[in-house]
Amino acid sequence: MKRDQLVFDIIEKERKRQLSGIELIASENFVSEQVMEAMGSVMTNKYAEGYPGKRYYGGCQIVDQTEQLAIDRVKELFGAEYANVQPHSGAQANAAVLSVILKPGDKFLGLDLAHGGHLSHGSPVNSSGILYQPIAYHVKEETGMVDYDEMEALAKEHKPKLIIGGASAYSREWDYARMRKIADEVGAMLMIDMAHPAGLIAAGLLENPVKHAHVVTSTTHKTLRGPRGGIILMGKDFENPFGFKTPKGETKMMSAVLDFAVFPGQQGGPLEHVIASKAIAFGEALDPSYKAYQTQVKKNAAVMAEAFIAKGYKVISGGTDNHSMLIDLRTKFPELTGKKAENTLVLADITINKNMVPFDSRSPFSTSGLRVGTPAITTRGLKEDAMPVIVDLIDEVLTNPDNEEVIASVRKRVNQLMEGLPLFAW
Ligand code: PLP
């Protein structure tokens with residue numbers, strides 16, 4: 001077969017885009033060469049429905065080894081007793097857990113999407129909001145912090161079966177202990193989706209939700225720095241409180257019903273090439289060098305938030321405890337939408353995403369905010385001294401969003417800054 005140069009030329013353009021720009025999307029990172037190598041390996045050829053040792057296909061004895069390694073390593077990494085490494089994505093991991101705990105029409109609490117929550121935590125356009133009955137809690141307008149008093153009041157009023165914590169755009173530590181107390185008081189289960197800060201948690205730099213929640217889900221590709229995918233963890237196995245039955249009509253322990261919910265509940269064959277890659281990424285996260293990387297991610301974010309504030313930007317909640325921050329543009333540039341800011345920064349090779357801010361006056365397509373994160377630039381090797389430089393570059397563009405000369409000049413400096421840094425600098 002002739003090499004498909006058309007596609008490879010496009011891939012090369014994307015490689016160059018990643019190499020020459022400043023990547024500030026909080027949910028992105030650059031994986032290591034070995035993580036990438038496993039994803040492009042022969043493991044992609046294998047069907048392996050089922051779990052290690054219990055498959056519906058022959059010839060799974062080798063992929064069983066990498067899947068078992070991934071399970072063992074992620075359990076060690078987060079101190080978990082149970083792990084499922086098969087979810088194809090974070091959203092699928094969440095859908096699987098919800099399908100176990102909730103029946104159609106059941107109530108659950110999740111952080112409002114417009115306040116930093118994720119689609120899969122109850123948005124009306126996601127299966128979580130279509131099948132079940134979500135009730136949103138919020139952040140406080142004055143502090144930008146999760147309003148746990150509201151969460152408690154809503155839990156007492158609605159008696160949900162599930163409370164979901166975790167977010168896509170929230171820069172502060174969570175009070176998992178308080179959430180568990182609220183859940184216990186109303187007989188709900190607590191699920192924490194740690195997709196965003198998972199790498200910082202793995203490095204011991206933030207509280208570990210596995211110690212508090214009944215179930216923890218995550219993606220593997222954000223701060224954690226693995227391949228695209230999802231995982232489900234539990235600190236300990238326990239009886240399935242709502243009597244969820246497996247497709248065979250049996251009521252089993254939570255570990256068994258969660259496994260059933262992923263396969264055959266949500267998915268068919270697992271992506272064994274991605275699972276091998278997850279095993280490598282978890283191994284990298286267990287290496288002592290990983291803590292130094294995550295410490296730098298956190299330091300870079302803290303310094304960057306301070307630099308934005310020093311330039312007159314409003315950072316929601318006044319700073320960050322993790323890898324990310326949310327900027328409300330309205331204070332400095334009342335007329336500038338997040339959409340225009342994102343598009344203009346992309347022209348200067350600075351990749352960032354527009355985001356709703358809590359109590360936003362604009363629509364999700366336009367928005368008044370930007371979400372910024374440091375995992376990817378830290379992998380490129382940038383340290384805290386580069387953060388004010390990056391903020392200056394962003395500020396120059398946002399102050400002159402229609403000035404092509406300024407944008408071209410910033411782009412040149414962005415490319416110079418990134419030129420010396422390898423894509424996989426670690
Ligand atoms: N959960 C949270 C908190 C997220 O931020 C995201 C993605 O941004 C997801 C789940 C979904 O992950 P995926 O895109 O892999 O489905």
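On a predicted model such as this, the values are computed, not experimentally measured, just so you know.

Asks: When you look at the overall build of the protein in this model, what are you seeing that I'm missing?
Replies: Across its full length, the protein carries 15 helices and 15 strands. Taken over the C-alpha trace, the protein has a radius of gyration of 22 Å; the compact-globule value for 426 residues is 22 Å, and the two agree within 12%. Across its three principal directions, the C-alpha atoms of the protein cover 65 × 60 × 40 Å. Across the 426 residues in the protein, those meeting the buried criterion constitute 51%.

Asks: Explain the site of the ligand to me, please; I cannot follow it from the model alone.
Replies: Around the ligand lies a shell of 14 residues, among which Ser 89, Gly 90, Ala 91, Ser 168 and Ala 195 are the nearest. Grouping the constituent residues of the shell around the ligand by class yields three nonpolar, ten polar and one charged.

Asks: Can you help me understand helix α15 (residues 404-419) in this one?
Replies: Spacing of three or four residues puts side chains on the same side of an α-helix, whose turn is 3.6 residues. Between the first and last C-alpha of α15 there are 22 Å, a value that for 16 residues agrees with the 22 Å anticipated at 1.5 Å per step. Along α15, the positions that sit buried rather than exposed are Ile 407, Val 410, Val 414, Leu 417 and Met 418. Angular distribution of buried residues about the axis of α15 spans 85°; they occupy a single face of the element. Turned more than 90 degrees off the buried face of α15, the exposed positions are Glu 404, Glu 405, Ala 408, Lys 412, Gln 416 and Glu 419. The secondary structure elements touched by the buried residues of α15 are α1 (5-20), β1 (22-23), α12 (338-347), β13 (350-351) and α14 (387-399).

Asks: Teacher, can you tell me more about the packing of helix α6 (residues 148-158) against helix α7 (residues 176-186) here?
Replies: Helix packing for two helices is described by the angle between their axes and how far apart those axes are. One way to put it is that α6 packs onto α7 with a least axis distance of 9 Å and a crossing angle of 15°. As far as their axial angle goes, α7 and α6 are roughly parallel. The two elements α6 and α7 cross, and the hand of that crossing is right-handed. Facing Tyr 148, Met 151, Glu 152, Ala 155 and Lys 156 of α6, the residues of α7 in contact are Arg 178, Ile 182 and Val 186. Of the residues assigned to the contact of α6 with α7, the class counts are five nonpolar, no polar and three charged.

Asks: I keep staring at the environment of Cys 60 and nothing clicks. Help me out?
Replies: Looking at the element boundaries, Cys 60 is found in the loop between β3 (54-55) and α3 (63-78). On the neighbour-count criterion, Cys 60 (21 C-beta atoms within 10 Å) is buried. It is 37 Å that separates the C-alpha atoms of Cys 60 and Glu 207, two residues lying 147 residues apart in sequence. With residues near it in sequence (within four places) discarded, Cys 60 still touches Ala 48 and Arg 55.

Asks: Teacher, can you tell me more about the pairing of strand β8 (residues 189-193) here?
Replies: The element β8 is largely enclosed, with a buried count of five among its five residues. Every second residue of β8 is oriented toward a common face, with Met 189, Met 191 and Asp 193 on one face and Leu 190 and Ile 192 on the other, all of them buried. Where strand β7 (residues 162-165) and β8 come together, four bridges link them in parallel fashion. In the strand pairing of β8, Ile 163 is matched with Leu 190. Handedness of the crossover joining β7 and β8 through α7 is recorded here as right-handed. Bridging between β8 and strand β9 (residues 215-219) involves three bridges; their strand directions are parallel. Bridging from a neighbouring strand, Ile 192 pairs with Val 216 of β9.

Asks: Looking at this structure, I do not really get the UniProt feature "site: Plays an important role in substrate specificity" (unreviewed entry) in the protein. What am I missing?
Replies: Residues annotated by UniProt as "site: Plays an important role in substrate specificity" (unreviewed entry) correspond here to His 221. Not counting residues within four places of it along the chain, the set of residues in contact with His 221 comprises Asn 29, Gly 226, Pro 227, Arg 228 and Gly 229.

Asks: Even after reading the chapter, I still don't get the environment of Leu 6, so can you show me in this structure?
Replies: With respect to the secondary-structure elements, Leu 6 resides in helix α1. Judged by C-beta crowding, with 7 C-beta atoms within 10 Å, Leu 6 ranks as exposed.

Asks: I tried to follow the packing of helix α4 (residues 90-101) against helix α9 (residues 254-266) on my own but got confused; where do I start?
Replies: Here α4 crosses α9 at 120°, and the two axes come no closer than 9 Å. Crossing angle aside, the handedness with which α4 passes α9 is right-handed. Residues Gln 92, Ala 95, Ala 96, Val 97, Ser 99 and Val 100 of α4 lie in contact with α9, whose contacting residues are Val 257, Leu 258, Ala 261, Val 262, Gly 265 and Gln 266. Here the contact of α4 with α9 is built from residues that sort into eight nonpolar, four polar and no charged.

Asks: Looking at this structure, I do not really get the confidence of the model for the protein. What am I missing?
Replies: Low pLDDT marks stretches whose predicted atomic positions should not be read closely. Counting all residues, the mean pLDDT for the protein is 96, and 99% of those residues have values of 70 or more. Note on the complex model: pTM 0.97, ipTM 0.99.

Asks: Is there a simple way to think about the sheet that holds strand β12 (residues 324-328) in this case?
Replies: The strands making up a sheet are joined through hydrogen bonds of the backbone, oriented either antiparallel or parallel. What the four strands build is an open sheet, ordered β11-β12-β15-β14; its pairing is antiparallel. Here the strands that pair on one side only, and so sit at the sheet edges, are β11 (314-315) and β14 (353-355). Note that β14 and strand β15 (residues 369-373) share three bridges and pair antiparallel. Directly across from Asn 353, in β15, lies its bridge partner Arg 371. Its contacts with the sheet place helix α11 (residues 289-310) against β11, β12 and β15, and it is angled at close to 15° to β12. Those strands touched by α12 are β14 and β15, and its axis lies near 170° from that of β14.

Criteria and cut-off values
- Residues numbered from 1 in each chain as written.
- Predicted model: local features only at pLDDT ≥ 70, side-chain atom pairs only at ≥ 80, totals over all residues.
- Helix = DSSP H or I, 4+ residues; strand = E, 2+ residues; numbered from the N terminus.
- Rg over C-alpha atoms; globule rule 2.2 N^0.38 Å.
- Buried ≥ 20, exposed ≤ 12 C-beta atoms within 10 Å, placed from the backbone.
- Near = placed C-beta within 6 Å.
- Nonpolar A, V, L, I, M, F, W, Y, C, P; charged D, E, K, R; others polar.
- Expected span 1.5 Å × (residues − 1).
- Arc of directions from axis to C-beta.
- Contact = placed C-beta atoms within 7 Å.
- Axes fitted to C-alpha atoms, helices over the stretch in contact; angles between N-to-C directions.
- Parallel < 35°, antiparallel > 145°, perpendicular 65-115°, else oblique.
- Left-handed = near helix turned anticlockwise from the far one by under 90°.
- Pairing = 2+ DSSP bridges.
- Right-handed = clockwise from strand over helix to strand, strands pointing away.
- UniProt positions renumbered as here; feature names shortened; annotations may be inferred.
- pLDDT = per-residue confidence, 0-100.

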